[in-house]
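# Inside the fold
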Amino acid sequence: MKLFITLLVLMVTWETIAQTKEQPNILWITFEDTSPHLIYDNPSSITPNMDRLEKEGVRFNAMFSTATICSPSRSAIITGLHASSIGTGNHRSNIPVPSTIKGFPYYLKEKGYHTSNNVKTDYNIRNQKAFIEECWSESSNKAHWRNRKDNQPFFSVFNLNESHASRTFVWKEEKYKKEIYNKLPKTLRTDEETLILPPFYRDSPEMRHHMARIYNCINYTDYRIGKILEQLKEDQLEDETIIFIFADHGEAMPRGKGNGINLGHRVPMYVYVPEKYQHLSGLKMGKQTERVGSFEDLATTIMSIANLPYQPYMEGTNLLANDYKKTHFYGHKDGADDARDITREVSDGRFMYSRVYNTALPEMQFKHYTGVAKIYETMRDDLKNNRLNDDQKNIFTQKRDKEMFFDLQNDPWELRNLANDPAYAKQLKKFRKLCQNEILKTRDLQFIPYGEMMAMSKKHNMTPYEFKTDESIYPLKEMMAQINIAGEGEKFIEKQLKGLKSEHGLVRYWAAYGLKSQTSLQSDHYELIHELLKNETESYVQIELATILCINTPKHHAFKTLEKYALGNDYFDQWHALRNIFDYLPNQENYNGIYSKVIDQLPSKQKVGKKYKNIYFDVIETAKSGLYMNRWREQ
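All of the points below concern the structure found in this document. (Residues numbered from 1 in each chain as written. Predicted model: local features only at pLDDT ≥ 70, side-chain atom pairs only at ≥ 80, totals over all residues. Heavy atoms only, no water.)

Quick look at the overall build of the protein now. Tallying secondary structure elements over the protein gives 26 helices and twelve strands in all. A compact globule built from 635 residues should have a C-alpha radius of gyration of about 26 Å, and the protein, at 25 Å, falls within 12% of that. Along the first, second and third principal axes, the C-alpha set of the protein runs to 85 × 65 × 55 Å. With 635 residues in all, the protein has 62% of them scored as buried. Expressed as a percentage of contacts within the protein between residues at least 6 apart in sequence, the contacts between residues at least 24 apart total 74%. Accessible area of the protein: about 26500 Å², with a carbon and sulfur share of 49%. Charge centroids of the protein, computed over 86 positive and 82 negative side chains, lie 2 Å from each other. (Helix = DSSP H or I, 4+ residues; strand = E, 2+ residues; numbered from the N terminus. Rg over C-alpha atoms; globule rule 2.2 N^0.38 Å. Buried < 20%, exposed > 50% of the residue type's maximum accessible area, 1.4 Å probe, protein only. Contact = heavy atoms within 4.5 Å. Areas by Shrake-Rupley, 256 points an atom, 1.4 Å probe, with all protein chains shown as cover. Lys, Arg positive; Asp, Glu negative; His and termini not counted. Charge placed at Lys NZ, Arg CZ, Asp CG, Glu CD.)

Remark: helix α24 (residues 571–584) packs on helix α26 (residues 613–634), axes separated minimally by 9 Å, with the N-to-C direction vectors making an angle of 20°. Looking at the two axes, α24 sits roughly parallel to α26. Viewed along their axes, α24 and α26 form a crossing whose handedness is left-handed. Contact residues: Tyr571, Phe572, Gln574, Trp575, Leu578, Arg579 and Phe582 in α24; Ile615, Tyr616, Asp618, Val619, Thr622, Ser625, Gly626 and Met629 in α26. Here the contact of α24 with α26 is built from residues that sort into nine nonpolar, four polar and two charged. (Axes fitted to C-alpha atoms, helices over the stretch in contact; angles between N-to-C directions. Parallel < 35°, antiparallel > 145°, perpendicular 65-115°, else oblique. Left-handed = near helix turned anticlockwise from the far one by under 90°. Nonpolar A, V, L, I, M, F, W, Y, C, P; charged D, E, K, R; others polar.)

As a further point, take the environment of asparagine 318. Relative to the helices and strands, asparagine 318 is located in the loop between α11 (296–305) and β9 (329–333). Between the alpha carbons of asparagine 318 and isoleucine 302 there is a distance of 7.9 Å; along the sequence they are 16 residues apart. Not counting residues up to four positions away in its chain, the partners in contact with asparagine 318 are Thr300, Thr301, Ser304 and Tyr324. Polar contacts involving the side chain of asparagine 318 include one to the main-chain amide nitrogen of leucine 320, which spans 3.0 Å. (Polar contact = N/O pair within 3.5 Å; in protein donor to acceptor, adjacent residues only side chain to side chain.)

Attention now goes to the packing of helix α18 (residues 476–483) against helix α20 (residues 505–515). Relative orientation and spacing of two packed helices are given, respectively, by the angle between their axes and the distance between those axes. Where α18 contacts α20, the axes come no closer than 8 Å and their chain directions differ by 10°. Our classification of the angle between α18 and α20 gives roughly parallel. Contacts between α18 and α20 pair Glu478, Met479, Gln482 and Ile483 from the former with Leu506, Val507, Trp510 and Ala511 from the latter. Residue composition of the contact of α18 with α20, by class: six nonpolar, one polar and one charged.

What follows is about the pairing of strand β2 (residues 58–64). Of all seven residues that make up β2, seven are buried, and the element is covered over most of its length. Direction of pairing for β2 relative to strand β8 (residues 287–294): parallel, over a ladder of six bridges. When the sheet's bridge partners are listed, arginine 59 is paired in β8 with glutamine 288. (Pairing = 2+ DSSP bridges.)

Moving on, we get to the nonpolar core. Ranked by internal contacts, the top residues of the largest apolar core, which has 101 residues, are Trp28, Phe104, Leu108, Phe155 and Phe244. Of the residues forming this core, the biggest block, ten residues, is contributed by helix α9 (residues 205–234). Discounting residues that sit within four places of it in the chain, tryptophan 28 has contacts with Ile77, Phe104, Phe155, Ser156, Val157, Phe158, Phe244, Phe246, Leu298 and Ile302. Grouped together as the second largest cluster of nonpolar side chains are 83 residues, Leu476, Met480, Tyr571 and Ile615 included. (Core = buried A, V, L, I, M, F, W, Y, C linked by side-chain atoms within 4.5 Å.)

This paragraph deals with the pairing of strand β12 (residues 403–407). The side chains of a regular strand alternate between both faces of the sheet. Judged by how many residues are buried, β12 sits mostly within the fold: five of five residues are covered. By the alternation rule, side chains of β12 split into Glu403, Phe405 and Asp407 and Met404 and Phe406, which are all buried. The pairing of strand β11 (residues 351–356) with β12 spans five bridges and is classified as antiparallel. Following the sheet pairing, tyrosine 353 is matched in β12 by phenylalanine 405.

Attention now goes to the pattern of salt bridges. All chains considered together, the criterion is met by 42 salt bridges. Notably, a salt bridge pairs glutamate 173 with lysine 177, separated by 3.9 Å at the nearest N-O pair. Residue glutamate 173 and its partner lysine 177 are located together in helix α8 (residues 173–179), separated by four residues, close to a single helical turn. Under the relative-accessibility criterion, lysine 177 is labelled partly exposed at 31%. As a salt-bridge pair, arginine 255 and glutamate 363 come within 3.0 Å of each other at their nearest N and O atoms. Of this pair, arginine 255 sits in the loop between β6 (241–247) and α10 (262–265) while glutamate 363 sits in the loop between β11 and α12 (368–371); the two residues are 108 residues apart in sequence, bridging distant segments of the chain. For the pair formed by arginine 255 and glutamate 363, the shared burial category is buried. In this structure, a network of salt bridges that share partners links the residues Glu32, Arg74, Arg92, Lys120, Asp122 and Asp248. (Salt bridge = Lys/Arg side-chain N within 4 Å of Asp/Glu carboxyl O.)

A few words on the packing of aromatic side chains. According to the stated counting rule, one finds 37 aromatic pairs in the structure shown. An angle of 65° between the planes, with centres 6.5 Å apart, marks the rings of phenylalanine 405 and tyrosine 424 as edge-to-face. In this pair, phenylalanine 405 is assigned in strand β12 and tyrosine 424 in the loop between β12 and α15 (425–441), connecting sequence segments 19 residues apart. With a relative accessible area of 21%, tyrosine 424 lands in the partly exposed category. When the centroid spacing of 5.4 Å and the interplanar angle of 35° are considered together, the rings of phenylalanine 559 and tyrosine 591 count as tilted. Placement of the pair is phenylalanine 559 in helix α23 (residues 559–566) and tyrosine 591 in the loop between α24 and α25 (592–601), with a sequence separation of 32 residues. (Phe/Tyr/Trp six-rings, centres within 6.5 Å; stacked < 30°, edge-to-face > 60°.)

Moving on, we come to the sheet that holds β11. Pairing within the open sheet is antiparallel, and its four strands lie in the order β9-β10-β11-β12. Looking at which strands have only one partner, the edges of the open sheet turn out to be β9 and β12. Averaged over all pairs of adjacent strands, the angle between strand axes in this sheet comes to 15°, irrespective of strand direction. In this structure, strand β10 (residues 343–347) lies alongside β11, joined through five bridges in antiparallel fashion. Across the sheet, glutamate 345 pairs through a bridge with serine 354, a residue of β11.

This part covers unusual backbone geometry. In this structure, valine 119 follows asparagine 118 across a cis peptide bond, with omega equal to -5°. The phi torsion at arginine 255 lies on the positive side, around 90°, for a residue other than glycine. A positive phi angle, close to 55°, is found at asparagine 386, a residue other than glycine. In this structure, asparagine 386 sits in the loop between α13 (374–384) and α14 (390–397).

Within the fold, glutamine 392 resides in helix α14. Judged by its relative accessible area of 7%, glutamine 392 is buried. A polar contact of 3.1 Å, which involves the side chain of glutamine 392, links it to the backbone oxygen of tyrosine 201. Glutamine 392 has contacts with Pro199, Phe200, Tyr201, Arg202 and Arg387, leaving out every residue within four places of it along the chain.

Shown next, in the form of structure tokens:
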């Protein structure tokens, strides 16, 4: 019997060794905040390593981040689900996910892979520490495939931050010079005078200097990529390793990152599959592909490569499959730092459709973290002094249309909205339908205000992912009647007013949210809204109704409602009320007292519980935004 058990153990051991020996190594290099506009076929960026990958591997021309900012993008990458499917669409939120949803490296680790992550995580979920420990054999700034056991296959991730917004324009010039420019070989520095400048920027020496900094950060990122690839070569692993290189969302520059257009979503991506593993790829090396892919596909792709079973909860498809059928991507823009907004995007690679639910705001919405940077100061100074052409001015001043539709082949910088062009009516209708179908198919959770999502999760003792299919808890189908008419104009005012009488708070919220963008409300409408505000029980609906009244009459006594929540103790309501005051109310100088009082009354961040640290940040940054912009207006 002992002999039989010994033989059985040996057989299982040898079978495991044989399996792992045939598993490909996977090197994954993620870099920050970069659009393909600034790399693909652009002589202003100097990227010899990515250029080599393009020649030897596959360049993806239609790869998209599901979100337009770091943490929700990384939620999608690690789980294989849209962040909007699990409730993590707001940047740096604290939403729980079911324990059955794993970070996909967990499955590789279970299969015998050495999984290493160097070093950024930013997965945007609650209990992130335990989640990370479950995924990774090691996650630190020392993590490396070189730390694995002999002959152990690896999935090794390196996250490069040299092209992050902090580097491209937020840091002071001196720090950028020290950390990026001075480390970059002179032959890899972009020339300010000859670089390609996006047409929505004024062509001036100042803007060229700002733009050169962005290119140089990309150049230095490529330089770092080269150093990692050199290590792979040193270890004689090039023929044994499948390589993925991609950015985590669109470009870290004004109008890019955080914006629900192609420039915020589309990313550069290169994949190299060595000859030994060509049977795993339906794509030939040395070619470009127009396959439409997005970040929920990455987990499925890696698991397919590693011959792991498909997890039914995942939403992606294998990007390298022989029978690839995906035709479009679905993406979202939600809360980003202290800004509140919501748009939904669909693209087939050629056209980009964006549904804008808040038509009261322009594209360029102020966020304190980035808004105080020199590049924004330059642009605002040009705006104030009337130095900008219409395209450059409109991103600051023009309210958005309810739908944006761009022909990316003929308008790569997205300056000509075709949504109102009759020649594109048929295509527009197709993309609109795709967008609405994706919202319902994925049961998109981000139509719930962040604070209410947290409250619902606590009330029902369920994660948002678990309650999202229950219409009695999350009445998305009924909500869609209001969501779909937000921004549609005065012909839907009566329907929106009727929605304010729904028994569901979320339906009432979306009726109020849509009314906030209306510009043709009459006195009887305001009277009805005022009466309904008196009986409204949900704080997040009260804030919207009070905002509508105060937009029309700044000194309306409904402002007491906004003031109550702006100076209250609930961070979610506080952020909502403060941001509405900042974004929508005229005569901003009247609110300096509230902005200052908020900052004075808030506790120090050391006294804020971990669960509320990020929403606390949104509150204080909004108050700082108000004071900063009022100082700028006075200059």
